[in-house]
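Now for the letters of each chain:
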Amino acid sequence: MTEGLQSARRGAIDPHLSIRHYDADADLMLLHFGPQHPSTHGVFRMDLYLDGEVIVKATPFLGYLHRGVEKLCEKLTYVQQTPVVDKNDYVSPMINEQALNMAFEKLLKLEVPRRARWLRTLLAELQRLASHLLWLGTFTLDLGGALGGGSTLFLHCFRERELILDLFEELTGSRFHYNTHTIGGNRHDLPAGLAAKVEVALAAIAARLGEYEDLSLGHAIFQARTKGVGTLDSDLALELGITGPILRASGVDHDLRRDAPYHAYDELTVNVATEHAGDCFARASVRFAEMRESIRLCRAVLEGLPEGPIAASKAVRLPTAVKIASGQVYVGIEGPRGEIGTFVIAGGDTPTTPYRLKIRAPSMHALAAIPYVMPGATLSDAVAILGSLDPIMGEVDR
Amino acid sequence: MSGLVHGAQYAVMIVSSLLAVIAIGIWFERKFAGRMQSRLGPTIVGPVGLLQPLADVVKLLQKEDIVPKDADRALFDLAPLLAVLFSLGAAAVVPFSPTAVAADLDIGVLFILAIGALMVIPTFAAGWASNNKFALLGGMRAVAQSVSYAVPLVLVVMVPVILSGSMRVSEIVTFQSEHHWFAVWPIIPGLPAFALFFIAMLAESNRIPFDIPEAESELVAGITTEYTGAKFVLFYMAEYVHTLVGSAVGAALFLGGWDGPFKPGLHWMVLKTLLLFTAVYWVRWTLLRFRSDQLMDLCWKRLVPIAVGLVFLAAAWVQFVPGAR
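Basis of the calculations
- Residues numbered from 1 in each chain as written.
- Chains lettered and ligands numbered in written order.
- Predicted model: local features only at pLDDT ≥ 70, side-chain atom pairs only at ≥ 80, totals over all residues.
- Helix = DSSP H or I, 4+ residues; strand = E, 2+ residues; numbered from the N terminus.
- Buried ≥ 20, exposed ≤ 12 C-beta atoms within 10 Å, placed from the backbone.
- Contact = placed C-beta atoms within 7 Å.
- Rg over C-alpha atoms; globule rule 2.2 N^0.38 Å.
- Axes fitted to C-alpha atoms, helices over the stretch in contact; angles between N-to-C directions.
- Parallel < 35°, antiparallel > 145°, perpendicular 65-115°, else oblique.
- Left-handed = near helix turned anticlockwise from the far one by under 90°.
- Nonpolar A, V, L, I, M, F, W, Y, C, P; charged D, E, K, R; others polar.
- Domains from an automatic or database assignment.
- Pairing = 2+ DSSP bridges.
- Core = buried A, V, L, I, M, F, W, Y, C linked by C-beta atoms within 7 Å.
- Expected span 1.5 Å × (residues − 1).

1. Focus on the overall build of chain B
Phase 1: Within chain B, the secondary structure is distributed over 12 helices and zero strands.
Phase 2: Seen through its principal axes, chain B has C-alpha atoms that stretch 65 × 50 × 45 Å.
Phase 3: Considering chain B as a whole, with its 325 residues, one finds that 50% of them fall into the buried category.
Phase 4: If you take every contact in chain B between residues at least 6 apart in sequence, the share linking residues at least 24 apart comes to 76%.

2. Observations concerning the overall build of chain A
Phase 1: Check the secondary structure of chain A and you find 16 helices and eight strands.
Phase 2: The C-alpha atoms of chain A give 22 Å as radius of gyration, which agrees with the globular expectation for 398 residues (21 Å, within 12%).
Phase 3: The C-alpha extent of chain A, read off along each of the three principal axes, is 70 × 55 × 35 Å.
Phase 4: Looking at chain A residue by residue over its 398 residues, the buried ones come to 50%.
Phase 5: Of the contacts made within chain A by residues no fewer than 6 positions apart, 72% connect residues no fewer than 24 positions apart.

3. Here's the deal with the environment of A:Ser285
All names here are of chain A.
Phase 1: If you trace the backbone, Ser285 turns up in helix α12 (residues 280-304).
Phase 2: With 72 residues separating them along the chain, Ser285 and Glu213 place their C-alpha atoms 9.1 Å apart.
Phase 3: Not counting residues up to four positions away in its chain, the partners in contact with Ser285 are Leu217 and Glu275.

4. Observations regarding the packing of helix α8 (residues 187-204) of chain B against helix α10 (residues 229-254) of chain B
Residues and elements named next belong to chain B.
Phase 1: For the pair α8 and α10, interaxial distance at closest approach is 10 Å and the crossing angle is 165 degrees. By the angle between their axes, α8 is roughly antiparallel relative to α10. You can see that α8 and α10 cross each other, and the crossing is right-handed. Residues Phe194, Phe197, Phe198, Met201 and Glu204 of α8 pack against Gly246, Gly250 and Phe254 of α10.
Phase 2: The residue makeup of the contact of α8 with α10, split by class, is five nonpolar, two polar and one charged.

5. Things to note about the interface of chain A and chain B
Where the parts come together, the accessible area they lose is often given as the size of the interface.
Phase 1: With 32 residues of chain A in contact, the opposing surface of chain B contributes 25 residues.
Phase 2: Top contributing element to the side of chain A that touches chain B by residue count: helix α6 (residues 149-172) of chain A, with seven residues.
Phase 3: In terms of residue class, the side of chain A that touches chain B is built from 13 nonpolar, 14 polar and five charged.

6. Quick look at the domain arrangement of chain A
Phase 1: The domains assigned to chain A are domain 1 (3-61) and domain 2 (69-360).
Phase 2: Between domain 1 of chain A and domain 2 of chain A, the C-alpha centre-to-centre distance is 33 Å.

7. Focus: the pairing of strand β7 (residues 338-346) of chain A
Residues and elements named next belong to chain A.
Phase 1: Relative to β7, strand β6 (residues 328-335) runs antiparallel, the two being bridged by eight bridges. Counted as the bridge partner of Val329 is Val344 from β7.
Phase 2: Taken together, the six bridges between β7 and strand β8 (residues 354-360) define a ladder with antiparallel strand orientation. Paired with Ala346 across the bridge in β8 is Pro354.

8. Looking at the pairing of strand β3 (residues 54-61) of chain A
Residues and elements named next belong to chain A.
Phase 1: Bridge count for strand β2 (residues 45-51) against β3 is seven bridges, and the pairing is antiparallel. Along β3, the bridge assignment pairs Asp47 with Thr59.
Phase 2: The loop that links β2 with its antiparallel partner β3 comprises two residues; one of these, Gly52, has a positive phi angle of about 70 degrees.

9. A word on the nonpolar core
Phase 1: Counting residues in hydrophobic clusters, the biggest one holds 205 residues, and the most contacted among them are A:Ala382, A:Ile385, B:Val94, B:Val156, B:Phe197, B:Ala200 and B:Val241.
Phase 2: Summarising the domain contributions, this core has at least three residues from each of domain 1 (3-61) and domain 2 (69-360) of chain A.
Phase 3: For B:Val241, the residues in contact, after removing those within four places along its chain, are B:Leu18, B:Ile22, B:Val84, B:Ser87 and B:Leu88.

10. Some words on the sheet that holds β8(A)
Strand pairing in a sheet is mediated by backbone hydrogen bonds. Such pairs are either parallel or antiparallel.
Residue and element names in this part refer to chain A.
Phase 1: Across the sheet, three strands lie side by side as β6-β7-β8; this open sheet has antiparallel pairing. In this open sheet, the two strands that pair with only one neighbour each are β6 and β8. Going across the sheet, the axis of each strand differs from the next one's by a mean of 15 degrees, ignoring polarity.
Phase 2: Against the sheet, helix α4 (residues 93-108) contacts β6 and β7, and its axis sits at roughly 150 degrees relative to β6.

11. Focus: helix α11 (residues 266-284) of chain B
Residues and elements named next belong to chain B.
Phase 1: The terminal C-alpha atoms of α11, which comprises 19 residues, lie 27 Å apart, in line with the 27 Å expected from a rise of 1.5 Å per residue.
Phase 2: Listing the buried residues of α11 in full gives Trp268, Met269, Lys272, Thr273, Leu276, Phe277, Val280 and Arg284.
Phase 3: Packed against the buried residues of α11 are α1 (2-36), α8 and α10.

12. Examining the packing of helix α4 (residues 108-118) of chain B against helix α6 (residues 133-164) of chain B
All names here are of chain B.
Phase 1: At their nearest, the axes of α4 and α6 sit 11 Å apart, and the two run at 165 degrees to each other. Judged by the angle between their axes, α4 and α6 are roughly antiparallel. Read as a crossing pair, α4 and α6 show a hand that is right-handed. Along the contact surface, α4 presents Val109, Leu113 and Ala117, while α6 presents Ala150, Leu153, Val154, Val157 and Val161.
Phase 2: Residue composition of the contact of α4 with α6, grouped by class: eight nonpolar, no polar and no charged.

13. Focus: the environment of B:Leu51
Residue and element names in this part refer to chain B.
Phase 1: Relative to the helices and strands, Leu51 is located in the loop between α1 and α2 (52-62).
Phase 2: Using a count of 16 C-beta atoms within 10 Å as the deciding quantity, one classes Leu51 as partly exposed.
Phase 3: Taking the C-alpha atoms as reference points, Leu51 and Ala23, separated by 28 residues in sequence, lie 8.7 Å from one another.
Phase 4: Each residue touching Leu51, except ones within four places of it in the same chain, is listed here: Val45 and Gly46.

14. Here's the deal with the environment of B:Ala252
Residues and elements named next belong to chain B.
Phase 1: Take Ala252: it is sitting in helix α10.
Phase 2: In this structure, the C-alpha to C-alpha distance between Ala252 and Phe182, residues 70 residues apart in sequence, is 9.8 Å.
Phase 3: If we skip the residues at most four places from it in the chain, Ala252 touches Val94, Pro95, Val169, Ile172, Val173 and Gly257.

15. Remarks on α10(B)
Phase 1: In this model α10(B) runs 38 Å from its N-terminal to its C-terminal C-alpha over 26 residues, within 8% of the 38 Å that 1.5 Å per residue would give.
Phase 2: α10(B) sits mainly inside the fold: 22 of its 26 residues count as buried.

16. Digging into unusual backbone geometry
Residue and element names in this part refer to chain B.
Phase 1: One non-glycine residue, Ser38, adopts positive backbone phi at about 50 degrees.
Phase 2: Considering the arrangement of structural elements, one finds Ser38 in the loop between α1 and α2.
Phase 3: The phi dihedral of Asp70 falls on the positive side, at around 65 degrees, and the residue is not glycine.
Phase 4: Mapped onto the fold, Asp70 is located in the loop between α2 and α3 (73-89).
Phase 5: Judged by the 8 C-beta atoms lying within 10 Å of it, Asp70 is exposed.

Right under this line is the structure:
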């Protein structure tokens, strides 16, 4: 009886989540990797069981940056929530804002003006470019060290990202937490001359991307460190709910910009880059291709940007101006790390607050791959794999 | 007795000038790295930030000296001292000019290799004594790396020894000034041997792309994770001294030492050493880091066979080319 129960339990345990299948006599070292480790991209912790340098088991621990954002959103009115979600994925606040406000717009059945949709497309693509630049910098930092070649590429990437942040600052008055999207449109229209500056910034970035590709994708050491490391197959990626560049690097041709168009993507053609290897190198090449695609899309948007209002009604409102009686909705859009989703159930304590608001954070799903891809890799690979998953702890822990 | 006095005099001179060069070298590296990364580097302390290394040292000396719980106290304190001692040791036999050499041993090359190989002891001692898992992993990697890279290093250093027929470093330099620099002629064992020496030197002094014992993105700070204050300064200094002395050895063995056009002398040796030192920085601030197993692959599957071949080529050159020696 007891034996049967035990074997049933043994069958139920996922081997990657247990070290019991490993030789019990082996002398494993338990290494707490994080939360105060320089390469965990914030405050993330992994418990690594090491056999020499080879990882036998890896357990991710989340929650060190939990701020209760979703609960906070139940207490704030719909209008007040935008600046709060800016801080979730702090590397792509624009897209966070869009995912939130699009959910409210869908609940209200509000039509967003065409110019606002094109403007949002421009902001989303610039943000994706900035986010991928930061990823490239931090990834090479993981591979090459803070006191070496990695930091050179890191600072160069930051220099280019700065160009985009300058544009956002000129548009919204703020470099990071923009609060530029509102329910029904945008708060800030492009000031005179900004379109030309966007062109200049895009040209500068496009000219330097090749150089960065030579220093990373084209470099023998980079290839040696990333090829065949952290291979994630498409079935597992789909099962774990992984989206975005990581899923596309595993060979699944899925991109919400093309498959479920929003903003102005139905009027533009989006070329989706995919790779089949599913390793760190494939993830890096997909992101490189996406940077080029974002530059192309930004240029296309600037060319076709229509005239007209940028908000359905007057943009700045009182906190209580938006009232939603009931209903529930989910909206997911393609962020730099995958599908950023907002699930809202309207009808909280007052008509101006939601009953429940759930944010789908793509990084969190990416981290779920860790127990599966880490075993068998070395400690050095662990850093490369974590870097290639590109987690932003702000949105993972919320 | 006079030999001892001579040695002591030159030891003081060489050590103090090396330390001065390192202070400038740290400033230069930070400026150099700054320019590579489109920033300015130090600008605040002193004119063009020249006093920055001094400020760094003063800052580090003020830090609390922390010894981890259950650390092996004696070993923990001894390791940084030994690191500086061993890294400085090789400088004793390097001739900076025909006269400026502390101890012109007739087995000078052997001495350099032996004392270089000793560096693994303080490194591993630091990793072991710290009672820290990251430091232990770093120490483990350091042993594997230093022991492996000592093999190609010994082999390529044999090339100038065979070509010149002497193990005395000053005689190797004299031979080069009478014939050609070994990095230039005979080009076939010479230049590849010099390249291999440079790679092995990077690995021996734990520089990127071979800095896996400290690998700060994986091991926090590797062997120096638990070191603070003055002891950290010693490790930091030992690393620079090791690189600088390695550059000087390379300049003497392959680039003709003090020999040069116009007026041979100390200035040529200093110039060549600093050029090699700069090349180390250049590599450091450009390349990414290898993984430890790839490092072993590179060493045993590529460098060692090539180095063996080069030794045979050098022997053949001496044997069959008339007037080679």
